[in-house]
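Topology and contacts: notes
In case you want the letters, here they are:
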Amino acid sequence: MIAEPTPTPYDLKFRSFGFPVRVHPLFWVISALLGANLLNDPDHGVLFLLMWVGVSFVSILVHELGHGFAYRHYGGDGRLWLYWFGGLAISDTARPNAKQRIVIALAGPGAGFLLAATVLLTNRAAEWATASVLTAELYWQLMWVNLAWGVVNLLPIVPLDGGQVTREVCTLLRLRRPLETALKISIGAAGACVLYSLLTMLTPPRELAQILPWWMPAGSLYTVMMFGFLAYGSWQQLQFLSRYSSYGWNDPDDDTPPWRRRR
Ligand SMILES: [Zn+2]
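This section reports on the structure supplied with the text. Throughout this document, residue positions are counted from 1 along each chain, in the order its sequence is written. With pLDDT at 70 or above as the cut-off, local features in this predicted model cover only qualifying residues; side-chain atom pairs require 80 or more to be listed or tallied, and sums for whole chains, interfaces and linings still use all residues. Hydrogens and waters are ignored; side-chain quantities use all the structure's heavy atoms.

With that settled, the discussion passes to helix 2 (residues 45-73). The periodicity of an α-helix, 3.6 residues per turn, causes residues three or four positions apart to be oriented the same way. Going along the chain from the N terminus, every DSSP run of H or I of four or more residues is numbered as a helix, and every run of E of two or more is numbered as a strand. Expected span, for any helix, means 1.5 Å times one less than how many residues it has. The end-to-end C-alpha distance of helix 2 is 42 Å, a good match for the 42 Å that 29 residues give at a rise of 1.5 Å each. Note on helix 2: the residue one or two positions beyond its end, Gly 75, has a positive phi of about 90°.

With that out of the way, let us pick up the coordination of the zinc ion. His 63 (NE2), His 67 (NE2), Asp 161 (OD) and Asp 161 (OD) make up the full set of protein donors to the zinc ion, lying at 2.1 to 2.6 Å. In this description, a donor is an N, O or S atom within 2.8 Å of the metal centre, a cutoff extended to 3.2 Å for sodium, potassium and calcium. Water is not part of the atom list, which can make sites seem incomplete. Under the classification used here, a metal with four donors is tetrahedral if each angle lies between 85 and 135 degrees, square planar if opposite donors are over 155 degrees apart and the others between 65 and 115, a six-donor metal meeting that same test is octahedral, and anything else is irregular. In this structure, the zinc ion is surrounded by four donor atoms whose angles at the metal cover 55 to 144°, and the resulting shape is irregular. Counting gaps between the donor residues of the zinc ion yields the pattern H-x3-H-x93-D. Of this pair, His 67 sits in helix 2 while Asp 161 is found in helix 5 (residues 161-172), placing the two residues 94 residues apart along the sequence. The exposure classification of His 67 matches that of Asp 161, with both residues buried. Think of it in three bands: residues with accessible area under 20% of the maximum for their type are buried, residues over 50% are exposed, and the middle band is partly exposed, with areas taken using a 1.4 Å probe on protein chains only.

Turning our eyes to something else, we now look at the packing of aromatic side chains. A pair of Phe, Tyr and Trp rings is counted when the ring centres sit within 6.5 Å of each other, with Trp represented by its six-membered ring. The angle between the planes then sorts it: under 30 degrees is stacked, over 60 is edge-to-face, the rest tilted. On inspection of all chains with the given rule, the structure shows eight aromatic pairs. Ring geometry for Phe 17 and Phe 69: centres 5.6 Å apart, planes at 65°, overall edge-to-face. Of this pair, Phe 17 sits in the loop between strand 1 (12-16) and strand 2 (19-23) while Phe 69 sits in helix 2, and the two are 52 residues apart along the sequence. For Phe 17, a relative accessible area of 58% puts it in the exposed group.

Further remarks concern the sheet that holds strand 4 (residues 86-90). Paired through backbone hydrogen bonds, the strands of a sheet run either parallel or antiparallel to each other. Any two strands between which DSSP finds at least two bridges are classified as paired. Judged by pairing direction, the sheet is mixed, and its four strands sit side by side in the order 1-2-3-4 without closing on themselves. Here the strands that pair on one side only, and so sit at the sheet edges, are strand 1 and strand 4. Each strand of the sheet is rotated relative to its neighbour by a mean of 20°, with strand direction disregarded. Of the strand pairs in this sheet, strand 1 and strand 2 are connected by five bridges, and their pairing is antiparallel. Its bridge partner lying in strand 2, Phe 14 is registered against Val 21. Helix 1 (residues 25-34) contacts strand 1, strand 2, strand 3 (79-83) and strand 4 of the sheet and is inclined by roughly 60° relative to strand 2. Under this scheme, a helix contributes an axis fitted over its contacting stretch, all axes are lines through C-alpha atoms, and angles between N-to-C directions fall in the 0 to 180 degree range. Here a residue-residue contact requires only that any non-hydrogen atoms of the pair lie within 4.5 Å.

With that settled, consider the pairing of strand 3. The buried count for strand 3 comes to four of five residues, which makes it a mostly enclosed element. As paired strands, strand 2 and strand 3 are joined by three bridges and run parallel to one another. Within strand 3, the position partnered with Val 21 by the bridge is Leu 80. Pairing of strand 3 with strand 4 involves five bridges; the strand directions are antiparallel. Bridging across to strand 4, Tyr 83 finds its partner in Gly 86.

This paragraph deals with the side chain of Thr 200. By the secondary structure assignment, Thr 200 is in helix 6 (residues 178-202). Since its relative accessible area comes to 7%, Thr 200 is described here as buried. Think of a polar contact as two N or O atoms within 3.5 Å of one another; within protein, one of them needs to be a possible hydrogen donor and the other a possible acceptor, and neighboring residues in sequence only count if both atoms come from side chains. Separated by 2.8 Å, the side chain of Thr 200 and the backbone nitrogen of Gly 219 make a polar contact.

Spelled out as structure tokens, the structure:
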């Protein structure tokens with residue numbers, strides 16, 4: 001559903017568990033930007049930021065490996081991309097059905113939650129997080145990226161994993177235009193996230209602490225931009241679909257634009 005990024009000569013290339021992995025240079029830039037506020041720490045800022053980039057790299061790789069192993073489970077190959085602050089797992093040979101595609105989509109966030117659980121349990125057993133300022137930061141970053149990234153990915157927003165699941169559920173429910181329904185839900189969900197982010201930005205922190213549960217993160221300019229971008233993307237795709245549906249492009253299992261179809 002997302003276009004594969006164009007390979008660049010600056011991609012980092014390696015194999016992980018037999019899967020070819022490519023890391024787009026923008027991945028490092030975006031993850032450093034997202035962690036830039038860590039530089040506010042006068043003693044460990046640079047170290048915390050480097051740690052953040054490393055933690056993002058490992059966590060998003062684990063997420064994509066989750067998708068990759070699910071593809072392999074269904075008899076396909078898989079190659080993984082890390083780009084922007086996210087990734088992509090692609091299989092050229094897998095031909096999964098709708099139920100299998102749901103499992104493949106959920107395997108990414110699932111792998112991240114497993115990593116978070118491992119971090120939690122090893123700390124319960126060995127209490128490594130309290131050893132130093134650095135291990136405390138490492139613990140917090142690993143938990144935050146894996147939980148938050150997993151939860152955000154499960155939102156019913158296209159092209160996130162949750163949006164993919166919505167689309168497959170619509171297919172299983174035999175709706176006439178599963179992708180269009182998923183895109184409408186996606187616009188609603190992403191729009192709600194923009195509104196939520198704006199409301200939490202405008203409410204004074206003290207009042208916010210009384211309204212929201214402690215684990216519920218407040219929005220920021222980043223989340224406004226990210227969800228706004230996602231809502232706009234879904235809207236654009238919906239416009240495109242309704243324009244081309246008159247050309248017979250209604251196959252629920254094929255959302256490849258006509259000019260890119262190989263079949
Ligand atoms: Zn994913």
